[in-house]
Amino acid sequence: QVRLVESGGGLVQPGGSLRLSCAASGSIFSINGMGWYRQVPGKQRELVAAITSGGLTNYQDSVRGRFTISRDNARNTVYLQMNSLKPEDTAVYYCAFGAYVLSASTVPYWGQGTQVTVSS
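My aim in this report is to walk through the structure given alongside it, one point at a time. All residue numbers refer to positions counted from 1 along the written sequence of the respective chain. Restriction of local features to residues with pLDDT of at least 70 applies here, the model being predicted, together with a cutoff of 80 or more for giving and counting side-chain atom pairs; totals for whole chains, interfaces and linings are based on all residues. Side-chain numbers come from the whole structure's heavy atoms, not from hydrogens or water.

1. Regarding the overall build of the protein
Phase 1 of the analysis: Per the convention used, a helix needs a DSSP run of H or I reaching at least four residues, while a strand needs a run of E reaching at least two, with both numbered from the N terminus. For the protein, the count of helices and strands is 0 helices and 11 strands.
Phase 2 of the analysis: Tracing the protein from N to C terminus, the helices and strands come up as β-β-β-β-β-β-β-β-β-β-β.
Phase 3 of the analysis: For this measure, only C-alpha atoms enter the radius of gyration; the expected value for a globule follows 2.2 Å times N^0.38, where N is the number of residues. The C-alpha radius of gyration computed for the protein amounts to 13 Å, which stays within 12% of the reference 14 Å derived for 120 residues, consistent with globular compactness.
Phase 4 of the analysis: When its C-alpha atoms are laid out on the principal axes, the protein stretches across 45 × 25 × 25 Å.
Phase 5 of the analysis: The buried share among the 120 residues of the protein stands at 43%. Summary of the burial criterion: residues with accessible area below 20% of their type's maximum are buried, those above 50% are exposed, and those between are partly exposed, where the area comes from a 1.4 Å probe applied to protein chains only.

This is the structure we're talking about:
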């Protein structure tokens, strides 16, 4: 089994920054994809950003240029640096680990979720 532990969420004012972290432990063998999704009540979970083991990245259009995803393969950890935050970024953010994380239906491992609230 794989266990994912997230940290870094919280309350921030518009224009502020937060950094999310997600560390994986357990039976991790050649997991290629790492990513972040977010979800608001009444809506489907949506991909925010993803990164491959080789460092290739993919971003949702609404966050490109403001968010940066990175990973530390030695620590099995993925990060999401979020800058210039907007109220519409408010959501529960989930990290995702798996061979393919660009579709929520194919993600085998999820973090517990961390709340990000952007409000003045």
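Further notes follow.
2. So, the sheet that holds strand S7 (residues 67-72)
Phase 1 of the analysis: Ordered by their spatial adjacency, 4 strands build an open sheet running S1-S3-S8-S7, and the pairing between neighbours is antiparallel. Two strands bound the open sheet, and with one partner strand each, they are strand S1 (2-7) and S7. Between one strand axis and the next, the sheet turns through 15° on average, direction left out of account. The criterion for strand pairing is that DSSP finds at least two bridges linking the strands in question. Axis lines are fitted to C-alpha atoms, over the contacting stretch for helices. Their N-to-C directions set the angle, which ranges from 0 to 180 degrees.

3. So, unusual backbone geometry
Phase 1 of the analysis: Although it is not a glycine, asparagine 76 sits at a positive phi angle of roughly 50°.
Phase 2 of the analysis: The class for asparagine 76 is partly exposed, based on a relative accessible area of 25%.

4. Overview of the pairing of strand S4 (residues 33-39)
Phase 1 of the analysis: Counted residue by residue, S4 has 6 buried out of 7 residues, so it is predominantly covered.
Phase 2 of the analysis: With 5 bridges connecting them, S4 and strand S5 (residues 46-51) associate as antiparallel partners. Each bridged residue has a counterpart across the sheet, and for tryptophan 36 the counterpart in S5 is alanine 49.
Phase 3 of the analysis: Linking S4 to S5, which pair antiparallel, is a turn of 6 residues; within it glycine 42 sits at a positive phi near 85°.

5. A look at the pattern of salt bridges
Should the charged atoms of two oppositely charged side chains come close, the side chains can pair.
Phase 1 of the analysis: Put simply, a salt bridge is a Lys or Arg side-chain nitrogen that is within 4 Å of an Asp or Glu carboxyl oxygen. For the structure shown, the criterion picks out 5 salt bridges.
Phase 2 of the analysis: For aspartate 89, the salt bridge identified is with arginine 66, shortest N-O distance 2.8 Å. Separated by 23 residues along the polypeptide, aspartate 89 in the loop between strand S8 (77-82) and strand S9 (91-98) and arginine 66 in the loop between strand S6 (57-59) and S7 bring together distant segments of the chain.
Phase 3 of the analysis: Relative accessible area serves as the criterion here: at 1%, aspartate 89 is assigned to the buried category.
Phase 4 of the analysis: Through salt bridges with shared partners, a single network forms among Arg38, Glu46, Arg66 and Asp89.

6. Brief notes about the pairing of S5
Phase 1 of the analysis: Judged by how many residues are buried, S5 sits mostly within the fold: 5 of 6 residues are covered.
Phase 2 of the analysis: Where S5 lies against S6, 3 bridges are found, and the strand directions are antiparallel. Bridge pairing in S6 places alanine 50 opposite asparagine 58.
Phase 3 of the analysis: The hairpin formed by S5 and S6 contains 5 residues between the paired strands, and glycine 55 there has a positive phi angle of roughly 95°.

This is a description of form; function is not addressed.
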